[in-house]
Number of protein chains: 2
Amino acid sequence: MSTIKEVASAAGCSTATVSRALATPDKVSEATRARVARAIAEVGYTPNGAARSLRRRESRTIVALLPDISNPFFSEIINGIEDVAHQAGYRVLIGDCERDPQRAGAYFDLLPANQADGMLLLTADVPRALLDDARRRGRFPLVMACEFFDDRDLPTVTVDNYRAACQAIDYLVALGHRRIATLTGPVHNPICRERERGVSDTLTAHGLAGGAQTLAGDFGVHSGYVQGLALLTPLHSRPTAIFCHSDEMAIGVIKAARQLGLEVPRDVSIIGFDNIRLSEYCDPELTTISQPRAQIGQAAMRLLLGLIHDEPVERQQVLETRLIVRQSTGQPEPR
Amino acid sequence: MSTIKEVASAAGCSTATVSRALATPDKVSEATRARVARAIAEVGYTPNGAARSLRRRESRTIVALLPDISNPFFSEIINGIEDVAHQAGYRVLIGDCERDPQRAGAYFDLLPANQADGMLLLTADVPRALLDDARRRGRFPLVMACEFFDDRDLPTVTVDNYRAACQAIDYLVALGHRRIATLTGPVHNPICRERERGVSDTLTAHGLAGGAQTLAGDFGVHSGYVQGLALLTPLHSRPTAIFCHSDEMAIGVIKAARQLGLEVPRDVSIIGFDNIRLSEYCDPELTTISQPRAQIGQAAMRLLLGLIHDEPVERQQVLETRLIVRQSTGQPEPR
DNA sequence: CTGAAAGCGCTTACAG
DNA sequence: CTGAAAGCGCTTACAG
């Protein structure tokens, strides 16, 4: 690795001039700029990032912390984040904390350590104390996306989970369903609580509040399968429709139904959430709720850039969802 | 953010002693260590990573470069990488280059910029010139995992793609299939070429070389659907089995078959590759080839650590795959 | 076991 | 437009 000194001597100027040629080219004469450019190519120079960060007191790096990188839901959000970040000259470090507080802690340290300028938190499933402690150790530009903490005191980009749930239930009721069950995500997840409020308000409005079953999974396909079996037995008292808080769980429920000899949607209708890529390719194709994932990522990153640069920002942003009707829902059979 | 100076004055010692208390505690007296620990907690100190990297000439960070973060195949590999990395005190920066040379370039610069100590390259789909140029600019510990470049001159951890393909074809032939088609990944991908060699050698060994159709997709579900339609029409001359280079493509092919009124496996058998989580939950459950993903990640990271620390390493590591027979394959119907 | 001091590679305010 | 010099926050060889 060559240094700025070698470039300077190859270009016959000072290190200050090399630095300026790179950072503020208009402050350097045409001729010098060209000599510097040639020298850089000649010696194969890449500025030392550590030295630069130390001096500039910024890293031009942000961390995006995910609960679980294997969840396909996040990939398009990451794309949205990276689009905006790269355009603004920022690098995105993706942290996968896997519900492991120790891993999460390592990522929270990045900001006080000046290794990152801001954080995008895509999960509320981190120890709050860890977060608060890190925030106490210094400036901590932070934006939550998708999820949020109950107190909602942090800048957040979410979808309207309440309304999305209402829409799903209204749709099922309009089809004729009266026994509608819900398979939620983790019990303490605030977005799941929002959706449940939507479900229960809507069912109540339709006079269907009694006996609506609710079970909780973890958003993953396996929990959908397991809880699907539980929701659908005994068969004679099963719901005619199940609203699932993720597409993966919906796919698990469909497998459970198939295994119990039930056909979807004839015997039971299934709605998912997220509109993951595969939801269009499973059998039957999944009716689901689409979140504007790229936009969520973009909006969150823009908000974070605003925070980093101390600009005024809109701290609570809510984006709309869209119900996508495919083949996994239909009218209930008269029984 | 407080600095080491503030800690030193709070602890009544020099910055050198604080530094040693952190890095080499046994070189500091018990009592001093305790005072330093208290001072650190008091002022809320996190060492400045940029200063530390600059001084130590290492970042304890490695980059893992992926072709596409939305491919669920990679998540367990990343887990394997992170397990080993974190245990060794390294941080993992996940780079998603999306087949975009510019993005890839930004990640390659990380090593010459001293922002990363090594790179794990999980794709060969990057401009070779970009890589070679970055490697010329300084020390560049690099290991490839899963994929590789044709010349195989880089340290690599892969599975035995040739043998896996042979196994898949042997299995289909044993079931009675004679017209076996292949849906490969991208045309210039060396692992796909290896698999094709396995297919063609095995078919030849069974006297079935003639007329075996091969089409290429991009590993994604949509390309599986599109190419599945192409492989399966006209119906009368369709293959009785299709070997797909990814589970996602296999799922796409199954949808194509369904749409053409074909039942899997009765009318056509499908084998996937990768054993992604959802392969067990689609209908029918997918027969597939499982790669030891966590082990690939772990082995690659261990190899990289060896390279970083200039230890002797085994530069070419090949792990075994396993054929997992589920429901998407069966005997062909006599026609 | 501890401290003073040099130095890692940059950037930038200052002077010219 | 350019250069000399200070300093970002650490770590470590050296001396004691």
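How each quantity is defined
- Numbers given to residues run from 1 along each chain, matching the order in which its sequence is written.
- Each chain gets a letter, beginning with A, and each ligand a number, beginning with 1, in the order they are written.
- Confidence filtering applies because this is a predicted model: local features only for residues at pLDDT of at least 70, side-chain atom pairs given and counted only at 80 or more, and all residues used for totals across whole chains, interfaces and linings.
- No hydrogens and no water enter the side-chain calculation; it runs on all heavy atoms of the structure.
- Counting from the N terminus, the helices are the DSSP runs of H or I reaching at least four residues and the strands are the DSSP runs of E reaching at least two.
- The quantity called the radius of gyration is restricted to C-alpha atoms. Its globule counterpart is 2.2 Å times the number of residues to the power 0.38.
- Accessibility here uses a 1.4 Å probe with only protein chains present; expressed as a share of the type maximum, an area under 20% marks a residue as buried, one over 50% as exposed, and anything in between as partly exposed.
- For this analysis, residues touch if any pair of their heavy atoms sits within 4.5 Å.
- Where accessible areas are quoted, they stem from the Shrake-Rupley method and a 1.4 Å probe; at the residue level, only the protein chains shown are allowed to cover.
- Only four residue types enter the tally: Lys and Arg on the positive side, Asp and Glu on the negative side, with His and both chain ends excluded.
- Positions of charges follow a simple convention, taking NZ of Lys, CZ of Arg, CG of Asp or CD of Glu.
- Any two strands with at least two DSSP bridges between them are considered paired.
- Every angle, taken between N-to-C directions, lies between 0 and 180 degrees, and every axis is a line fitted to C-alpha atoms, over only the stretch in contact when it is a helix.
- Cavity: a set of points on a 1 Å grid over the protein atoms alone where a 1.4 Å probe fits but cannot get out. Pocket: an open set with protein on both sides within 12 Å along at least five of seven lines, its lining residues, like those of a cavity, having an atom within 4 Å of a point.
- Grid points are joined across faces, edges and corners, and a volume is the space filled by probe spheres set on the points.
- Residue polarity follows a fixed list, in which Ala, Val, Leu, Ile, Met, Phe, Trp, Tyr, Cys and Pro are nonpolar, Asp, Glu, Lys and Arg are charged, and the others, Gly among them, are polar.
- UniProt positions are given in the numbering used here, feature names are shortened, and annotations may be inferred rather than shown by experiment.
- By buried area we mean how much accessible surface two parts lose on assembly, using a 1.4 Å probe and totalling the loss over both.
- Only one rule defines a salt bridge in this text: a Lys or Arg side-chain nitrogen within 4 Å of an Asp or Glu carboxyl oxygen.
- Two N or O atoms count as a polar contact when they lie within 3.5 Å, although within protein this holds only if one can serve as hydrogen donor and the other as acceptor, and sequence-adjacent residues are included solely when both atoms are side-chain atoms.

Chain A is annotated in an unreviewed UniProt entry as Substrate-binding domain-containing protein from Vreelandella malpeensis.

A. Here's a closer look at the overall build of chain A. Scanning chain A for helices and strands turns up 12 helices and 12 strands. In terms of overall size, chain A is more extended than a compact globule, its C-alpha atoms giving a radius of gyration of 25 Å where 335 residues would be expected to give roughly 20 Å. If one aligns the C-alpha atoms of chain A with their principal axes, the spans along those axes are about 90 × 40 × 35 Å. Looking at chain A as a whole, 57% of its 335 residues qualify as buried. At a minimum sequence separation of 6, the contacts of chain A that also span at least 24 residues come to 73%. Put simply, chain A shows about 13,700 Å² of open surface, and 49% of that area lies on carbon and sulfur atoms. Treating the 37 positive side-chain charges of chain A as one cloud and the 40 negative ones as another, the clouds have centres 5 Å apart.

B. Fine view of the sheet that holds strand β8 (residues 241–244) of chain B. Residue and element names in this part refer to chain B. The 4 strands lie next to each other as β7-β6-β8-β9, forming an open sheet whose pairing is parallel. Looking along the sheet, the strands with just one partner apiece sit at the ends: β7 (214–216) and β9 (269–271). Averaged over all pairs of adjacent strands, the angle between their axes in this sheet comes to 20°, without regard to strand direction. By the bridge criterion, 4 bridges tie strand β6 (residues 180–184) to β8 in an arrangement that is parallel.

C. Spotlight on empty space enclosed by the protein. Tallied over the entire structure, the rule returns 5 cavities of 30 Å³ or more. By volume, the largest cavity is sized at about 260 Å³. Taken together, 20 residues form the lining of the largest cavity, with Ser59, Thr61 and Gln115 of chain A together with Thr61 and Gln115 of chain B sitting closest to its centre. Taken together, the residues of the lining of the largest cavity sort by class into 6 nonpolar, 12 polar and 2 charged.

D. Up close: the UniProt feature "domain: HTH lacI-type" (unreviewed entry) in chain A. UniProt marks residues 2–56 of chain A with the feature "domain: HTH lacI-type" (unreviewed entry), using the numbering shown here. Helix makes up 71% of residues 2–56 of chain A and strand 0%. Its end C-alpha atoms lie 20 Å apart.

E. How the structure looks around the interface of chain B and chain A. The interface of chain B with chain A comprises 53 residues on the first partner and 53 residues on the second. Buried area between chain B and chain A, both sides added, is near 5,000 Å², and the carbon and sulfur share of it is 54%. Among the residues chain B hides against chain A, the three largest losses belong to Met1, Leu278 and Tyr281 of chain B. Together they make up 15% of the total. For the salt bridge of Asp283 of chain B with Arg258 of chain A, the shortest nitrogen-to-oxygen distance reads 3.5 Å. In this assembly, chain B and chain A are joined by 13 residue pairs in polar contact (both at pLDDT 80 or more). In terms of residue count, helix α5 (residues 73–87) of chain B provides more of the side of chain B that touches chain A than any other element does, 6 residues in total. Taken together, the residues that form the side of chain B that touches chain A break down as 23 nonpolar, 14 polar and 16 charged.

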